[in-house]
Amino acid sequence: MKIKHFKTAFGFLFATVVVAFFAPMAIEMKFVPIPLGIFVWTLLIVGILVPFSALPIYLIFTSWLGFNYKSVVLAAVVAVVLVSSFFVFPHMHERSVVNGIVLAENGSVTLSGYLHGFERLIAFALVGFVAGNTFYFSASVGNES
């Protein structure tokens, strides 16, 4: 039983590193190496958020569906999308422009702003998918099923 808890804790740590590595790429919408300083800050933030977001969602999904591939990956995608949805959409600033596209104007988010946010949300869903796979395969190694 203790080995199972160790594998689960290791899986969460490994998935945290994966999310911290890929999250800046999802924000930037570019698949490029990130600077070490940004990775460290992202790792710190993700490490703080995991106990409050990913762990409860994981516990709920696995209590409903059991510990299996589908429940773990679905929980990871939901956790990453839920947390990232708070900051991928443009805030209602006076004006927000990215690459010549107006995301917010006069305190209102434009349709382009919402589309840009949904594109980033899809990128975060992919990050959650990768993190869920990482967690599942690291936490289930050696289990007889």
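All of the points below concern the structure found in this document. (Residues numbered from 1 in each chain as written. Predicted model: local features only at pLDDT ≥ 70, side-chain atom pairs only at ≥ 80, totals over all residues. Heavy atoms only, no water.)

1. What to know about the sheet that holds strand S1 (residues 95–98)
Strands sit in the order S1-S2-S3 across an open sheet of three strands; the sheet is antiparallel. For this open sheet the edge positions go to S1 and strand S3 (108–109), each flanked by a neighbour on one side alone. Two elements, S1 and strand S2 (residues 101–105), share four bridges in a ladder whose sense is antiparallel. Following the sheet pairing, Ser-96 is matched in S2 by Ala-104. Its contacts with the sheet place helix H5 (residues 111–139) against S1, S2 and S3, and it is angled at close to 110° to S2. (Pairing = 2+ DSSP bridges. Helix = DSSP H or I, 4+ residues; strand = E, 2+ residues; numbered from the N terminus. Contact = heavy atoms within 4.5 Å. Axes fitted to C-alpha atoms, helices over the stretch in contact; angles between N-to-C directions.)

2. Structural notes on a nonpolar patch on the surface
On the surface, a cluster of nonpolar side chains totalling about 480 Å² of accessible area is made up of Ile-60, Trp-64, Leu-65, Leu-74 and Val-78. Here Leu-74 falls in the partly exposed class, since its relative accessible area comes to 36%. (Patch = residues over 30% accessible without salt bridge, like charges linked within 9 Å, V, L, I, M, F, W, Y side chains within 5 Å. Areas by Shrake-Rupley, 256 points an atom, 1.4 Å probe, with all protein chains shown as cover. Salt bridge = Lys/Arg side-chain N within 4 Å of Asp/Glu carboxyl O. Buried < 20%, exposed > 50% of the residue type's maximum accessible area, 1.4 Å probe, protein only.)

3. Some thoughts on the pattern of salt bridges
Inspection of the entire model under this criterion finds one salt bridge. Here Lys-30 makes a salt bridge to Glu-28, at a shortest N to O gap of 3.9 Å. Taking relative accessible area as the criterion, Glu-28 reaches 49% and is therefore assigned partly exposed.

4. Some words on the nonpolar core
Ranked by internal contacts, the top residues of the largest apolar core, which has 30 residues, are Phe-12, Val-19, Phe-124 and Phe-135. Within the residue set of this core, elements represented by two or more residues are helix H1 (2–28), helix H2 (36–49), helix H3 (54–65), helix H4 (69–84) and H5. Other than its neighbours up to four places away in sequence, Val-19 contacts Pro-24, Val-46, Val-80, Val-127 and Ala-131. (Core = buried A, V, L, I, M, F, W, Y, C linked by side-chain atoms within 4.5 Å.)

5. Some words on the side chain of Asn-133
On the secondary structure map, Asn-133 appears in helix H5. Dropping the residues within four chain positions of it, Asn-133 is found in contact with Tyr-69 and Val-73.

6. A few points about the packing of aromatic side chains
All chains considered together, the criterion is met by 13 aromatic pairs. Between the aromatic rings of Phe-21 and Phe-39, the centroid separation amounts to 6.5 Å while the plane-to-plane angle is 70°, which identifies the pairing as edge-to-face. With Phe-21 in helix H1 and Phe-39 in helix H2, this pair connects stretches of sequence that are 18 residues apart. Judged by relative accessible area, which is 18%, Phe-39 ranks as buried. Judged by centre distance (5.2 Å) and plane angle (80°), the ring pair of Tyr-136 and Phe-137 falls under edge-to-face. (Phe/Tyr/Trp six-rings, centres within 6.5 Å; stacked < 30°, edge-to-face > 60°.)

7. Comments concerning the environment of Ile-101
Take Ile-101: it is sitting in strand S2. Distance in space between the C-alpha atoms of Ile-101 and Pro-35 is 26 Å, their sequence separation being 66 residues. Setting aside residues no more than four positions away along its own chain, Ile-101 makes contact with Ser-96 and Ser-112.

Structural measurements only, silent on function.
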